[in-house]
Protein chains: 4
Amino acid sequence: MAGSGSDVPARSRWSAREAELLAITLQLLQQHGYDRLTVEAVATQAKASKATVYRRWPSKADLVLAAFIEGTRLTVVPPNTGSLRGDLLALGTQVCRQACEHGSTMRAVLNEMSHNPGLKEALQNEFVHQRRLVIDQVLADAVARGEADPAKFNDEIYDLLPGYLVFRSLLSAREPTDETVRILVDEVLLPILR
Amino acid sequence: MAGSGSDVPARSRWSAREAELLAITLQLLQQHGYDRLTVEAVATQAKASKATVYRRWPSKADLVLAAFIEGTRLTVVPPNTGSLRGDLLALGTQVCRQACEHGSTMRAVLNEMSHNPGLKEALQNEFVHQRRLVIDQVLADAVARGEADPAKFNDEIYDLLPGYLVFRSLLSAREPTDETVRILVDEVLLPILR
Amino acid sequence: MAGSGSDVPARSRWSAREAELLAITLQLLQQHGYDRLTVEAVATQAKASKATVYRRWPSKADLVLAAFIEGTRLTVVPPNTGSLRGDLLALGTQVCRQACEHGSTMRAVLNEMSHNPGLKEALQNEFVHQRRLVIDQVLADAVARGEADPAKFNDEIYDLLPGYLVFRSLLSAREPTDETVRILVDEVLLPILR
Amino acid sequence: MAGSGSDVPARSRWSAREAELLAITLQLLQQHGYDRLTVEAVATQAKASKATVYRRWPSKADLVLAAFIEGTRLTVVPPNTGSLRGDLLALGTQVCRQACEHGSTMRAVLNEMSHNPGLKEALQNEFVHQRRLVIDQVLADAVARGEADPAKFNDEIYDLLPGYLVFRSLLSAREPTDETVRILVDEVLLPILR
DNA sequence: TCATAAGCGAGACGGTACGTCGTGTCTTACG
DNA sequence: CGTAAGACACGACGTACCGTCTCGCTTATGA
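Along each chain, residues carry numbers from 1 onward, in the same order as the chain's sequence is written. Following the order in which they are written, the chains are lettered starting with A and the ligands numbered starting with 1. Side-chain atom pairs in this predicted model are given and counted only at pLDDT of 80 or more, local residue features only at pLDDT of at least 70, and totals for whole chains, interfaces and linings cover all residues. With hydrogens and water excluded, all non-hydrogen atoms of the structure serve as input to the side-chain values.

The next point concerns the overall build of chain A. In this description a helix means any DSSP run of H or I spanning at least four residues, a strand means any run of E spanning at least two, and both kinds are numbered starting from the N terminus. The helix and strand inventory of chain A stands at nine helices and zero strands. Listing every helix and strand of chain A by position from the N terminus yields α-α-α-α-α-α-α-α-α. Each principal axis of the C-alpha atoms in chain A carries an extent, and together these give about 55 × 40 × 25 Å. Contacts between residues were defined by any pair of non-hydrogen atoms, one from each residue, lying within 4.5 Å. Long-range contacts, defined as pairs at least 24 residues apart, comprise 69% of the intrachain contacts of chain A with a sequence gap of at least 6. Surface summary for chain A: the accessible area is close to 9000 Å², and the carbon and sulfur share equals 54%. Using a 1.4 Å probe, accessible areas were evaluated by the Shrake-Rupley method; residue-level cover was limited to the displayed protein chains.

UniProt positions are given in the numbering used here, feature names are shortened, and annotations may be inferred rather than shown by experiment. Here the UniProt feature "DNA-binding region" (unreviewed entry) sits at residues 38–57 of chain A. Between the C-alpha atoms that bound residues 38–57 of chain A there is a distance of 14 Å. The span itself is 70% helix and 0% strand.

We superpose the copies by least squares over the C-alpha atoms of residues that have a pLDDT of at least 70 in both of them. Once chain A is rotated about the relating axis by 179° and shifted along it by 0.1 Å, it coincides with chain B to within an RMSD of 0.2 Å. Read as a symmetry element, the transformation amounts to a two-fold axis. Scanning chain A for the C-alpha nearest the rotation axis identifies A:Tyr164, at a separation of 2.5 Å. An overlap of 100% is found between the interface residues of chain A and their copies at the interface of chain B, pointing to a shared contact surface.

This part takes up the protein's contact with DNA strand F. Residues are labelled near a given molecule or strand when at least one of their non-hydrogen atoms is within 4 Å of it. Close to DNA strand F lie 32 residues; A:Thr52, B:Tyr54, C:Lys50, D:Arg17 and D:Thr52 are nearest. Close to the protein, within 4 Å, the atoms of DNA strand F belong to sugar or phosphate groups at a rate of 62%. The term polar contact refers here to a pair of N or O atoms within 3.5 Å; inside protein, the definition further demands a hydrogen-donor-capable atom paired with an acceptor-capable atom, and it admits residues adjacent in sequence only when both atoms are side-chain atoms. Between DNA strand F and B:Tyr54, the relevant distance is 2.5 Å, taken from a phosphate oxygen to a side-chain nitrogen or oxygen of the residue. One nitrogen or oxygen atom from the main chain of B:Lys60 is found 3.3 Å from a phosphate oxygen belonging to DNA strand F. Of all the elements in the fold, those that place two or more residues in the surface near DNA strand F are helix H3 (50–56) of chain A, helix H2 (39–45) and helix H3 (50–56) of chain B, helix H3 (50–56) of chain C together with helix H3 (50–56) of chain D. Note on residue classes: Ala, Val, Leu, Ile, Met, Phe, Trp, Tyr, Cys and Pro are nonpolar, Asp, Glu, Lys and Arg are charged, and everything else, Gly too, is polar. Its residues assigned to classes, the surface near DNA strand F comprises ten nonpolar, eight polar and 14 charged.

What follows covers the packing of aromatic side chains. The way to describe two aromatic rings as a pair is by their centre distance and the angle between their planes. Under the pairing criterion, centres of Phe, Tyr and Trp rings, with the six-membered ring standing for Trp, must be within 6.5 Å; the plane angle then separates stacked pairs below 30 degrees from edge-to-face pairs above 60, leaving the rest tilted. Summed over all chains, the structure comprises eight aromatic pairs over all chains. For the pair C:Trp14 and C:Trp57, a centre-to-centre distance of 5.3 Å together with 55° between the ring planes defines the contact as tilted. Of the two residues, C:Trp14 is situated in the segment before helix H1 (16–36) and C:Trp57 in the loop between H3 and helix H4 (60–73); the sequence distance between them amounts to 43 residues. Remark: a charge is flagged as sitting over a ring if the NZ atom of Lys or the CZ atom of Arg is within 6 Å of the ring centre and within 35 degrees of the ring normal. Residue placement shows A:Arg132 over the ring face of A:Tyr158; its charged tip is 3.7 Å from the ring centre.

The next thing to look at is the protein's contact with DNA strand E. Near DNA strand E there are 33 residues, and of these A:Lys50, B:Arg17, B:Thr52, C:Thr52 and D:Tyr54 occur at the shortest range. Counting only atoms of DNA strand E within 4 Å of the protein, the fraction found in sugar and phosphate groups is 64%. A:Leu37 places a polar main-chain atom, nitrogen or oxygen, 3.4 Å from a phosphate oxygen of DNA strand E. Within the backbone of A:Val39, a nitrogen or oxygen atom sits 3.2 Å from a phosphate oxygen of DNA strand E. Where the surface near DNA strand E is concerned, the elements lending two or more residues are H3 of chain A, H3 of chain B, H3 of chain C together with helix H2 (39–45) and H3 of chain D. The residue makeup of the surface near DNA strand E, split by class, is eleven nonpolar, eight polar and 14 charged.

Counting buried residues along helix H8 (residues 160–170) of chain B, eleven of its eleven residues qualify, which places the element largely inside the surrounding structure. Partly exposed describes any residue whose relative accessible area lies between the buried limit of under 20% and the exposed limit of over 50%, with all areas from a 1.4 Å probe on protein chains only and scaled to the type maximum. Considered for burial, the residues of H8(B) that qualify are B:Leu160, B:Leu161, B:Pro162, B:Gly163, B:Tyr164, B:Leu165, B:Val166, B:Phe167, B:Arg168, B:Ser169 and B:Leu170.

Our focus in this paragraph is the interface of chain A and chain B. Listed by partner, the interface residues are 42 residues for chain A and 42 residues for chain B. Two parts lose some accessible area (1.4 Å probe) when they are put together, and adding that loss for both gives the buried area. Both faces considered, chain A and chain B share a buried interface measuring about 3700 Å² in area, 57% of it formed by carbon and sulfur atoms. Salt bridges, as used here, are contacts in which a Lys or Arg side-chain nitrogen is within 4 Å of a carboxyl oxygen on Asp or Glu. Our enumeration of links across chain A and chain B arrives at four salt bridges. Taken together, the links from chain A to chain B amount to 16 residue pairs in polar contact (both at pLDDT 80 or more).

When chain D is fitted onto chain C, the two copies agree to an RMSD of 0.3 Å after a turn of 179° and an axial shift of 0.1 Å. Here 100% of the contact residues of chain D are again contact residues in chain C; the copies associate through an equivalent surface.

To continue, consider the interface of chain D and chain C. Of the residues lining the interface, 42 residues belong to chain D; the matching set on chain C comes to 42 residues. For the pair chain D and chain C, the summed buried surface comes to about 3700 Å²; carbon and sulfur atoms form 57% of the total. Considering only the side of chain D, the residues that lose the most area to chain C are D:His115, D:Glu156 and D:Leu171, jointly responsible for 18% of the buried surface there. On the surface where chain D and chain C come into contact, there are four salt bridges. Linking chain D with chain C are 16 residue pairs in polar contact (both at pLDDT 80 or more). Every element with two or more residues in the side of chain D that touches chain C is listed here: helix H1 (16–32), helix H6 (103–113), helix H8 (160–170) and helix H9 (178–193) of chain D.

Further remarks concern the arrangement of the chains. Chain A shows no contact with chain D. Their nearest C-alpha atoms sit 16 Å apart. No interface is formed between chain B and chain D, the nearest pair of C-alpha atoms being 17 Å apart.

Before going further, it helps to examine the domain arrangement of chain A. All names here are of chain A. For each domain, the first and last residues come from an automatic or database assignment. Taken as a whole, chain A is organised into domain 1 (16–59) and domain 2 (75–193). Its C-alpha centre places domain 1 at a distance of 29 Å from the equivalent point of domain 2. Residue-level contacts link four residues of domain 1 with six residues of domain 2. Linking domain 1 with domain 2 are one residue pair in polar contact (both at pLDDT 80 or more), by the criterion used here. When grouped by side-chain class, the residues that make up the side of domain 1 that touches domain 2 number three nonpolar, one polar and no charged.

Of note, A:Lys47 is a non-glycine position whose phi angle comes to about 50°, a positive value. Mapped onto the elements of the fold, A:Lys47 is located in the loop between helix H2 (39–45) and H3. A residue is classified by how much of its surface remains accessible, and A:Lys47, at 78% relative accessible area, is exposed. Phi is positive for D:Asn80, close to 55°, though the residue is something other than glycine.

As structure tokens, this is what we get:
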């Protein structure tokens, strides 16, 4: 059955102390952005020393990536509202909230990713893949309910909904609204999927 | 009237020397990324001194933004292929190429933008607005040819095509292909617009 | 012979404009010291341009030296009070006043001199030599009046009076007073010279 | 009391690393002069970084002053030859050597001092005062031996010997010789003090 | 009377040093 | 032994000044 959910949401592998460091990193990141975030500040605020940070993450970039993944990992929840439309709206709303909340972090990670293949791969594995699973499940549920035609699925643009919303959140000055999500779902996605 | 094209593509306001500095900045940016780009290197390669750079742009971030805008400004061309489908495919292809070419630059600018309202506004005015004009013209031409129904236009998601493609280029690991563009146009946009 | 005075005090070779530049230089020099004096400031204050300054003096050091020499040249006056004691007191007082007035300038010139043989030579020719002539004349006058014994003259320490006073003005924190001069003259020099 | 010598020569307050930095500074200072000395060069030669230098001394001027004081502090030695004449000759010789050796440094420090009251005070406390103590002791010893008459001491010109010699070393082009010292002592000072 | 040149203001420029700050490594001392 | 504290080498940032240079504009003379 779809969504048998054999993937337990991967309990965090960080200790309490590490989680605290990541939380502080995330907070400072949102406040000041990547460039103006200093490892020194993270350590100071955690009453730790820089060495304590660097012992766990080999560089500022790794620290920030870990903080970002940890910060977003918690919120990946398959919607399961009972209808395809409801699921898509929920998914879109969730993406908007996340992208808004972690906007500067994502931009920072994104930028660093450009020239750090390791980060890129890590981001793909730990972030993108999780989200793909959610979408697959929503669609599978819809098919199971007879709300969507599997023949209409298109792997090329399976992430059109979250993709465009993320674009709107991170790159455009027009933050997506509930109306944006509604229109996307009702006028673009549902006509295609049915 | 549609396609009247009274907007000359906004002649650059930079002198030859400044354009040279921006070009070098852009090149080094693509090679090394924002963090590993040094103003000193830009100056050296231009046989200039740091002061010459800083006289024009007050910081590294401003320099990079200017280089980015200059680098992309040159390539904004309304397609005008004669059909809506052709225009949309051309537009999509152009977006893909630009986003691919200037990917790391865009990511860098994006990141810096997060905490620099001046940059954000500048980017909106000089970059986003230019692209909106192109889209408006494409749609207006289509209406003039009877290929699109103005009632179907939706301001909320008018940039769905470039938006999703940019998302794919900059954030996803799946760079968009010609097939991506084709599917978007044929299976998403055209059904909606007609 | 005493007072033969064939040396006219060497009319300044500077034009009015040049003298103005030197005066401004001297003033700024006394206010801010050598390091914090900028050629730019001299030019600005004279409503001139840097090129105008550099056309006349090849470097900041030369400019400052010229300003210093011009500033002190005006005040070299053989005392001629009628008695050796009066002449020495007058000489001492004059030295004190000059050294006090142009203290920071002298220190600056001195410093630059260290590593600029040209300046060193120029300073010797144009400054030290002038002062030697004055002392020689005072002593010659005293001999002519029978107040001093030529046999007691000592070339090694002929400048003991101005030398010690200059030391006090420039290097020590104890600026010389009239009493300092009096003691030097009455208790050191006169006993020796008679 | 004469020779009570309770003043231990004030152990340096610098660590080994700091002393090394100061020694390098002093060496480069003597080679190149103040203006042409760069903090970068000091750091490089010490295999240190600029930050390491600036952590200790807030500016180049402070660094140079410290180097100068450290460089001269080591050599302040009361002569104690057994006779007033011997002590004075030794003192004069020592002053000549120091002033010659550290000439450009002294000139540089002097210049900087002009507009830096903090430096001026520091120089007075740490440098001038040390030298005063030596002179006082020499004279006290002479009195104890019956070689000098305390009534003849004159606070106004107590430093006539070192003062004039320093003047000759730093400001005049006529560096003092042993003969200069001898004449000063035999023909000027001893007649006065006895 | 007008043109051709010489001098000047303004200020951009290449270069170089300054003093600051952040990263990532390392040592020291404490618990 | 792990940690807090923080010194350290490295290197980029952004600023300031020096001495050179190029622009126009003025002025002062010579045809």
